[in-house]
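Spelled out, the chains give:
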Amino acid sequence: MCRHLGYLGPPVRVGDMLTLGSHSLVTQAWDPQDMRRGGAINADGFGVAWWHETADDSIAVSRYRNAAPIWTDPAVHEVLPHLESWAVLGAVRSATIGMPVERSACAPFTRGRWAFSHNGVVPDWRGTLSDVAAEFARTAAELGAEELFAPVRLLEAESATDTAALWVILCDLLATGSPDGTWSAAPAALRLLIAAILDRTPDARLNFLLSDGAQLWGSTCHHSLSALVTDTFAILSSEPFDDDPRWRSIPDRSLVSARPGELSVDPLL
């Protein structure tokens, strides 16, 4: 499917987080070790998001994406290392058959302070996610909050892919709260969305990676994920990028929350 990585900690060079280690994200693009029958190579584009302060002292997220293989883009070594951030989220893509290979289909997907990546696939994603959005809209209407969910917003997806549509729905769920790095709405939103999908397509592969620049959240549903968390930094990665013995493999069907000094691994459902 894909590979992704999230980092929180002292400021680092954005490009370094893509090339760090003997099994870096760049290496995982052409030589992944744990794809679990989800393809053999991740050559259908890549992207990276990073957080920064704006002129009015607020926090914003920027991103760079390219539909070409990550190892062919000189910006990885010539431009991105000149940017620094305390939070980085990167991804390399293996496109599902039938989905477009284009820049707008590459993670991370961003809105406000949020950045999101999906490693996996939603079978019959158009029907499945339309049905999920309709269910959420009905529930919201019953609670008198019709404005929260509108299935028509799926048309706003950046690309005709399952991940882009997932991001539209997840944004609506995240809009019900205000992120502060410690809140519970993000894991609740991930659980709600994943449960609704699995109710309809139990064979969906749903490894999500989400961040607001203050915390990382990840899910494991079929695909691999590992965590490396110390008192100073936190990393979630599809595969360990080096041989540090502190890497921890995350069990399947788990929901992970991580930031420096804190790692929580709970049952997904």
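The structure contained in this document is the topic of the report that follows. Every chain's residues receive numbers from 1 upward, in the order its sequence appears when written. Local features are withheld for residues below a pLDDT of 70 in this predicted model, meaning they are given only at 70 or higher, and side-chain atom pairs are given and counted only at 80 or more; totals for whole chains, interfaces and linings count all residues. To obtain the side-chain values, all non-hydrogen atoms of the structure were used and water was disregarded.

With that settled, the discussion passes to the overall build of the protein. Only runs of H or I of at least four residues qualify as helices and only runs of E of at least two qualify as strands under DSSP, and these elements are numbered from the N terminus. What the protein contains, in helices and strands, is six helices and 13 strands. With the radius of gyration taken over C-alpha atoms, the globule rule is written as 2.2 Å times the number of residues to the power 0.38. Relative to the globule expectation of 18 Å for 269 residues, the C-alpha radius of gyration of the protein, 17 Å, shows essentially globular dimensions. Principal-axis analysis of the C-alpha atoms gives the protein an extent of 50 × 40 × 35 Å. Classification of the 269 residues of the protein by burial places 55% in the buried group. For every accessible area listed, the method is Shrake-Rupley and the probe measures 1.4 Å; residues are considered covered only by the protein chains on display. Counting every atom, the protein has about 11000 Å² of accessible surface; 52% of that belongs to carbon and sulfur. With a 1.4 Å probe rolled over the protein chains alone, any residue whose accessible area is under 20% of its type maximum counts as buried; one over 50% counts as exposed, and the rest are partly exposed.

The criterion for an aromatic pair is that two Phe, Tyr or Trp rings (for Trp, the six-membered ring) have centres within 6.5 Å, with stacked assigned to planes under 30 degrees apart, edge-to-face to planes over 60 apart and tilted to the rest. In total, this model carries six aromatic pairs according to the counting rule given. Ring centres of Trp114 and Trp217 lie 5.9 Å apart, and the angle between their planes is 45°; this geometry places the pair in the tilted category. Separated by 103 residues along the polypeptide, Trp114 in strand β6 (residues 114-121) and Trp217 in strand β8 (residues 216-220) bring together distant segments of the chain. On the basis of relative accessibility, which here comes to 0%, the residue Trp217 falls in the buried class. The interplanar angle of 70° and the centroid separation of 5.3 Å between the aromatic rings of Phe116 and Phe208 together place this pair among those described as edge-to-face.

Here we come to the environment of Thr201. Mapped onto the secondary structure, Thr201 falls in the loop between α6 (185-200) and β7 (205-211). Exposure remark for Thr201: the relative accessible area of 9% places this residue in the buried category. Sequence separation between Thr201 and Leu255 is 54 residues; the distance between their C-alpha atoms is 19 Å. For Thr201, the residues in contact, after removing those within four places along its chain, are Val122, Pro123 and Thr128. Note on contacts: a residue pair qualifies if any of its non-hydrogen atoms lie within 4.5 Å across the two residues.

The linkage connecting Ala107 with the following residue, Pro108, adopts the cis geometry, with an omega of 5°. Assignment of secondary structure puts Pro108 in the loop between β4 (84-93) and β5 (109-111). Despite not being glycine, Asp57 has its phi angle at roughly 70°, a positive value. Structurally, the position occupied by Asp57 is in the loop between β2 (46-53) and β3 (59-66). The backbone phi angle of Asp124 is positive, close to 50°, even though this residue is not glycine.

It is worth spelling out a nonpolar patch on the surface at this point. Only residues above 30% relative accessible area that lack a salt bridge enter a patch, with like-charged residues linked at up to 9 Å and the nonpolar side chains Val, Leu, Ile, Met, Phe, Trp and Tyr linked at up to 5 Å. The term salt bridge refers to a pairing of a side-chain nitrogen on Lys or Arg with a carboxyl oxygen on Asp or Glu at a separation within 4 Å. Residues Trp30, Ile41 and Trp71 make up a contiguous nonpolar surface patch of roughly 320 Å² in combined accessible area. Along the chain, Ile41 falls in the loop between α2 (25-30) and β2.

The next subject is the packing of helix α4 (residues 125-142) against α6. Structural elements are reduced to axes, namely lines fitted to C-alpha atoms, with helices fitted over the stretch in contact, and the angle between N-to-C directions of any two is expressed from 0 to 180 degrees. Following both chains from N to C, one finds α4 and α6 inclined at 125°, their axes separated by 10 Å at the closest point. It follows that α4 is oblique to α6 by the angle criterion. As for the relative orientation of α4 and α6, their crossing is right-handed in sense. The residues of α6 that touch α4, namely those facing Thr128, Leu129, Asp131, Val132, Glu135 and Phe136, are Leu192, Leu193, Ala196, Ile197 and Arg200. For the contact of α4 with α6, the class distribution of residues is seven nonpolar, one polar and three charged. Here is the rule for angles: anything less than 35 degrees is roughly parallel, anything more than 145 is roughly antiparallel, 65 through 115 is roughly perpendicular, and the remaining ranges are oblique. By convention the crossing between two helices is left-handed if the near helix lies anticlockwise of the far one by an angle smaller than a right angle, and right-handed if it lies clockwise. Gly falls in the polar group here, along with every residue not listed as nonpolar (Ala, Val, Leu, Ile, Met, Phe, Trp, Tyr, Cys, Pro) or charged (Asp, Glu, Lys, Arg).

Multiplying 1.5 Å by the helix residue count minus one yields the expected span of that helix. Taking 1.5 Å per residue as the helical rise, helix α5 (residues 162-174) with its 13 residues ought to reach 18 Å, and the 18 Å between its terminal C-alpha atoms agrees with that figure. The buried fraction of α5 amounts to 13 of the 13 residues, a majority that puts the element mostly inside the structure.

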